[in-house]
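# Geometric and topological summary
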Amino acid sequence: MLRLTAAGARAIVDMSYARHFLDFQGSAIPRTMQKLVVTRLSPNFREAVTLRRDCPVPLPGDGDLLVRNRFVGINASDINYSAGRYDPSVKPPFDIGFEGIGEVVALGLSASARYTVGQAVAYVAPGSFAEYTVVPAKVAFPLPSVKPEYLTLLVSGTTAYISLKELGGLSEGKKVLVTAAAGGTGQFAVQLSKIAKCHVIGTCSSDEKLAFLKSIGCDRPINYKAEALQTILKQEYPEGVDVVYESVGGAMFDLALDALATKGRLIIIGFISGYQSPAGLSPIKAGALPAKLLKKSASLRGFFLNHYFSKYQAAMEHLLELYTRGDLVCEMDLGHQAPEGRFIGLDSIFRAVDYMYTGKNTGKLVVELPHCVSSKL
């Protein structure tokens, strides 16, 4: 049973008998839609994923929302998902995309206790790379408006906030090294560490990213393509760094491990340098790892957001408050500098993933899914 609004009227409609239904602005929601589907397992996104154009628009159950997606986020781990690395038991075809924001266009009766048609919502749930997504109301997050900046917080912001809060032990004067600091999650690790009154070192790969890091308060941004990172860390931080927020892997992990101070903490939130390989890993000097940790009484911790969803609601509320107050920059990359221009439409997701793996993006990669009110898509 669904609660729908059209032309100002409210009604309870049993969708199992309806051939079509109306959204809150009165334009017909189509019976079919476009979405991206993983049709074969591969870390090569273009090989793994197919754009399907005639998929049925899904119907929300009693506790669900039907969300018309307006903006979706690109994550490095999208190719881990397309390779089947998160759940080997799941076989193609399956939907893809971790996060989205949009408007509620239909909802189940129980879900209507908390949400209304027309409401802006965000969510972290599988299947966001679609024109419409059914989202359980219990995992949705209400927003003041459909604004792409909010999308940057859903995975990237909360990953930085929760991991540093739970595992980082940040306090005034601590030295924090953030790798890929100008990326989607790195930007938040930098800013949250500064809010905690830490000294922040951030690595990046271009002078443009260096300038961005300076603009958000990074104390020592380092373009590792122009400066010798290992030398700088040894010369300028001879006692080492207290916390590392690491998302690159491979040689960068080895370097970060060597840079740890006594009782230092290294938090692994990813290893993007290895995701495109068949194994999904970049080689590290693992043989020396126990000795290096022991020598410094250091610790190594992994962080996977799915294991911390009990902390998610509070994290989002705090991040939204910081952003609303003007204390947090939510940098987005909508593809303005990409070779073929902005990332607009589901078909541009392929370009956006490629763009991420060239290392060119500054901030969170965001794809816009435009909707014309008078159209039927």
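About the cut-offs
- Residues numbered from 1 in each chain as written.
- Predicted model: local features only at pLDDT ≥ 70, side-chain atom pairs only at ≥ 80, totals over all residues.
- Heavy atoms only, no water.
- Helix = DSSP H or I, 4+ residues; strand = E, 2+ residues; numbered from the N terminus.
- Rg over C-alpha atoms; globule rule 2.2 N^0.38 Å.
- Buried < 20%, exposed > 50% of the residue type's maximum accessible area, 1.4 Å probe, protein only.
- Contact = heavy atoms within 4.5 Å.
- Areas by Shrake-Rupley, 256 points an atom, 1.4 Å probe, with all protein chains shown as cover.
- Domains from an automatic or database assignment.
- Buried area = accessible area lost by both parts, 1.4 Å probe.
- Salt bridge = Lys/Arg side-chain N within 4 Å of Asp/Glu carboxyl O.
- Polar contact = N/O pair within 3.5 Å; in protein donor to acceptor, adjacent residues only side chain to side chain.
- Nonpolar A, V, L, I, M, F, W, Y, C, P; charged D, E, K, R; others polar.
- Arc of directions from axis to C-beta.
- UniProt positions renumbered as here; feature names shortened; annotations may be inferred.
- Pairing = 2+ DSSP bridges.
- Axes fitted to C-alpha atoms, helices over the stretch in contact; angles between N-to-C directions.

What the protein contains, in helices and strands, is 10 helices and 20 strands. Relative to its length of 377 residues, the protein is compact, with a C-alpha radius of gyration of 22 Å against a globular reference of 21 Å. Referenced to the eigenvectors of the C-alpha coordinate spread, the extents of the protein come out at roughly 70 × 40 × 35 Å. In the protein, which comprises 377 residues, the proportion classed as buried is 55%. Considering only intrachain contacts with a sequence separation of at least 6, the fraction spanning at least 24 residues in the protein is 67%. Total accessible area on the protein stands at roughly 16600 Å², and carbon and sulfur atoms take up 53% of it.

With that out of the way, let us pick up the domain arrangement of the protein. Each assigned domain of the protein is listed here: domain 1 (29-146 + 331-368) and domain 2 (154-309). Measuring from the centre of the C-alpha atoms in domain 1 to the corresponding centre in domain 2 gives 28 Å. Contacts between domain 1 and domain 2 engage 23 residues on the former and 19 residues on the latter. Buried surface at the junction of domain 1 and domain 2, both sides included, amounts to about 1500 Å², of which 61% is carbon and sulfur. Our count for the contact surface shared by domain 1 and domain 2 stands at zero salt bridges. Viewed at the interface, domain 2 and domain 1 are joined by nine residue pairs in polar contact (both at pLDDT 80 or more). Breaking the side of domain 1 that touches domain 2 down by element, the ones donating at least two residues are α2 (78-82), β9 (99-108) and β10 (120-124). The residue inventory of the side of domain 1 that touches domain 2, partitioned by class, reads 10 nonpolar, eight polar and five charged.

Here we come to helix α6 (residues 229-236). Of all the residues in α6, the buried ones are Leu229, Ile232 and Leu233. Buried residues in α6, looked at end-on, bunch into an arc of 95°, giving them a common side. Among the exposed residues of α6, those oriented more than 90 degrees off its buried face are Lys234 and Gln235. If you follow the buried residues of α6, they end up packed against β13 (175-178), β14 (199-204), β15 (220-223) and α7 (251-258).

As a further point, take the UniProt feature "domain: Enoyl reductase (ER)" (unreviewed entry) in the protein. UniProt marks residues 44-367 with the feature "domain: Enoyl reductase (ER)" (unreviewed entry), using the numbering shown here. Taken end to end, residues 44-367 is 29% helix and 25% strand, and its two terminal C-alpha atoms sit 19 Å from one another.

Turning next to unusual backbone geometry. With an omega of 0°, the peptide bond between Pro92 and Pro93 qualifies as cis. For Pro93, the position within the fold is in the loop between α2 and β8 (94-95). Backbone geometry places Ala180, a non-glycine residue, at a positive phi of 50°. Relative to the assigned elements, Ala180 resides in the loop between β13 and α4 (186-195). Overall, the relative accessible area of 30% leaves Ala180 in the partly exposed class. Positive phi values are uncommon outside glycine, yet Lys263 reaches one of about 65°. Here Lys263 is to be found in strand β17 (residues 260-268).

Okay, the sheet that holds strand β18 (residues 299-302) next. Spatial ordering of the open sheet is given by β15-β14-β13-β16-β17-β18, a layout of six strands whose pairing is parallel. Edge positions in the open sheet fall to β15 and β18, since each of these has one partner strand only. Taken over all neighbouring pairs, the strand axes of this sheet differ in orientation by 15° on average, direction set aside. Relative to β15, β14 is paired through four bridges, and the arrangement is parallel. Within the sheet, the bridge partner assigned to Gly202 lies in β15 and is Pro221.

Time to look at the sheet that holds strand β5 (residues 32-38). On the basis of which strands lie adjacent, the open sheet formed by three strands has the order β6-β5-β8 and antiparallel pairing. On the outer flanks of this sheet lie β6 (49-56) and β8, each paired with one strand and no other. With two bridges connecting them, β5 and β8 associate as antiparallel partners. When the sheet's bridge partners are listed, Val38 is paired in β8 with Phe94.

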